Amino acid sequence: MTPKHEKQEFVTVLVRDPRTQKEDSWHSYIDYEIFIHTNSMCFTRKTSCVRRRFREFVWLRQRLQSNAVLIQLPELPSKTPFFNMNNPHHVDHRRQGLQEFLEKILQDALLLSDSRLHLFLQTQLSPEDMEACVSGQTKYSVADAIHKFASLNRRFPVEEEERKKGKKDADSNSESSSSGLEPSDDSVSCGCKASPASEES
């Protein structure tokens, strides 16, 4: 017998809050906040928030496509030479395209099994560090990386309440790098409504 009212799995993804970031004195780029809320067993964290730039989406699509050659992946919004980061319409059009891309990706069970997707959505690791983690070249696992990022970026009321209940003095211990995961500038400074990313590749 199966329960009559089984909980249906859901994954909500929002791409929002585009921000201009300075790369150096001559170059800037826009990154976007990716918010995930889910009850899916596929995800290590049920709520997460990271910031990613367009070229990281391009990297993700290429990696997913190379690992799932039989699947036709959705397209990203086209990269046009006429894109103007000072034009709110251009920025919002790209944001909508990135959200539609992720919504379609997250509906495919095979793509959901790719660790790169989870690292992309739930950590601030660079593409190089994601590749190293997935191929076992790091001291930390995919789950370690996701948990470490979450411990450095507590931004959600439910998690705040849980922490207050019994972990008031555990904060200093959680900041230590016991798993071997070194907090990069990105993982420390990025998160929901936190200060902008300082450096992304």
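Model, not experiment: these values are computed from the prediction.

Parameters and conventions
- Residues numbered from 1 in each chain as written.
- Predicted model: local features only at pLDDT ≥ 70, side-chain atom pairs only at ≥ 80, totals over all residues.
- Heavy atoms only, no water.
- Buried < 20%, exposed > 50% of the residue type's maximum accessible area, 1.4 Å probe, protein only.
- Helix = DSSP H or I, 4+ residues; strand = E, 2+ residues; numbered from the N terminus.
- Contact = heavy atoms within 4.5 Å.
- Expected span 1.5 Å × (residues − 1).
- Phe/Tyr/Trp six-rings, centres within 6.5 Å; stacked < 30°, edge-to-face > 60°.
- Lys NZ or Arg CZ within 6 Å of the ring centre and 35° of its normal.
- Core = buried A, V, L, I, M, F, W, Y, C linked by side-chain atoms within 4.5 Å.
- Salt bridge = Lys/Arg side-chain N within 4 Å of Asp/Glu carboxyl O.
- Axes fitted to C-alpha atoms, helices over the stretch in contact; angles between N-to-C directions.
- Parallel < 35°, antiparallel > 145°, perpendicular 65-115°, else oblique.
- Pairing = 2+ DSSP bridges.

Peer 1: Would you mind showing me how to read helix 5 (residues 127-134) here?
Peer 2: In an α-helix, one full turn covers 3.6 residues, which means residues spaced three or four apart are oriented alike. Taken together, the buried positions of helix 5 are occupied by Pro127, Met130, Ala132 and Cys133. On its buried face, helix 5 sits against strand 3 (47-53), helix 1 (54-67), helix 4 (115-122) and helix 6 (142-152). Two residues or fewer after helix 5 comes Gly136, characterised by a positive phi angle close to 75 degrees.

Peer 1: Teacher, can you tell me more about helix 1 here?
Peer 2: An ideal rise of 1.5 Å per residue puts 20 Å on 14 residues; helix 1 measures up with 20 Å between its terminal C-alpha atoms. For helix 1, the set of buried residues is Phe54, Glu56, Phe57, Trp59, Leu60, Arg61 and Leu64. Looking at the buried side of helix 1, the elements it contacts are strand 2 (28-38), strand 3, helix 2 (88-105), helix 3 (109-112), helix 4 and helix 5.

Peer 1: Before we go on, may I ask you to explain the packing of aromatic side chains in this structure?
Peer 2: Both the distance between ring centres and the angle between the ring planes are used here to describe each pair of aromatic rings. Tallied over the full model, the rule gives 1 aromatic pair. Geometrically, the ring pair formed by Phe57 and Phe120 is edge-to-face, given 5.1 Å between the ring centres and 75 degrees between the ring planes. In this pair, Phe57 sits in helix 1 while Phe120 sits in helix 4, placing the two residues 63 residues apart along the sequence. Of the residues examined, Phe120 reaches a relative accessible area of 0% and is grouped as buried. Stacked on the ring of Tyr29, the Lys or Arg Arg53 has its end atom at 3.6 Å from the ring centre.

Peer 1: Even after reading the chapter, I still don't get the nonpolar core, so can you show me in this structure?
Peer 2: For soluble globular proteins, the rule of thumb is that nonpolar side chains tend to be buried together. One finds Ile34, Leu102 and Leu121 to be the most contacted residues of the largest nonpolar core, which totals 37 residues. Excluding residues within four positions of it along the chain, Leu121 makes contact with Ile34, Ile36, Phe43, Ser48, Val50, Leu102 and Leu106.

Peer 1: Would you take a moment to explain the pattern of salt bridges for this structure?
Peer 2: Tallied over the full model, the rule gives 12 salt bridges. Between Asp31 and Arg51 there is a salt bridge, and its shortest N-O distance comes to 3.0 Å. In this pair, Asp31 sits in strand 2 while Arg51 sits in strand 3, placing the two residues 20 residues apart along the sequence. Grouping residues by exposure puts Asp31 and Arg51 together as buried. Salt bridges linked by common partners bring Asp17, Arg19, Asp31 and Arg51 together as one network.

Peer 1: Any chance you could explain the side chain of Asp114 here in plain terms?
Peer 2: Take Asp114: it is sitting in the loop between helix 3 and helix 4. On the basis of relative accessible area, Asp114 is assigned to the buried category, the value being 11%.

Peer 1: What's the story with the packing of helix 1 against helix 5 in this structure? I'm lost.
Peer 2: Helix 5 packs onto helix 1 with a crossing angle of 30 degrees between their chain directions and a minimal axis gap of 11 Å. The orientation of helix 1 with respect to helix 5, classified from their angle, is roughly parallel. Across the interface between the two elements, Glu56, Trp59 and Arg63 from helix 1 touch Pro127, Met130 and Glu131 from helix 5.

Peer 1: Is there a simple way to think about the pairing of strand 3 in this case?
Peer 2: Both faces of the sheet carry side chains from a regular strand, because those side chains alternate between them. With 7 of 7 residues buried, strand 3 is to be regarded as a mostly interior element. Taking every second residue as pointing to the same face, both faces of strand 3 are buried, with Thr47, Cys49, Arg51 and Arg53 on one and Ser48, Val50 and Arg52 on the other. Bridging between strand 2 and strand 3 involves 7 bridges; their strand directions are antiparallel. Within strand 3, the position partnered with Ile34 by the bridge is Val50.

Peer 1: Any chance you could explain the sheet that holds strand 1 (residues 11-22) here in plain terms?
Peer 2: Pairing between sheet strands relies on hydrogen bonds along the backbone, with the strands arranged either parallel or antiparallel. Pairing in this open sheet of 3 strands is antiparallel, and the strands run 1-2-3 from one edge to the other. Of all the strands in the sheet, just strand 1 and strand 3 have a single pairing partner and so form its edges. Ignoring strand direction, the axes of neighbouring strands in this sheet form an average angle of 20 degrees. Sheet contacts for helix 1: strand 2 and strand 3; angle to strand 3, the most-contacted strand, approximately 105 degrees.

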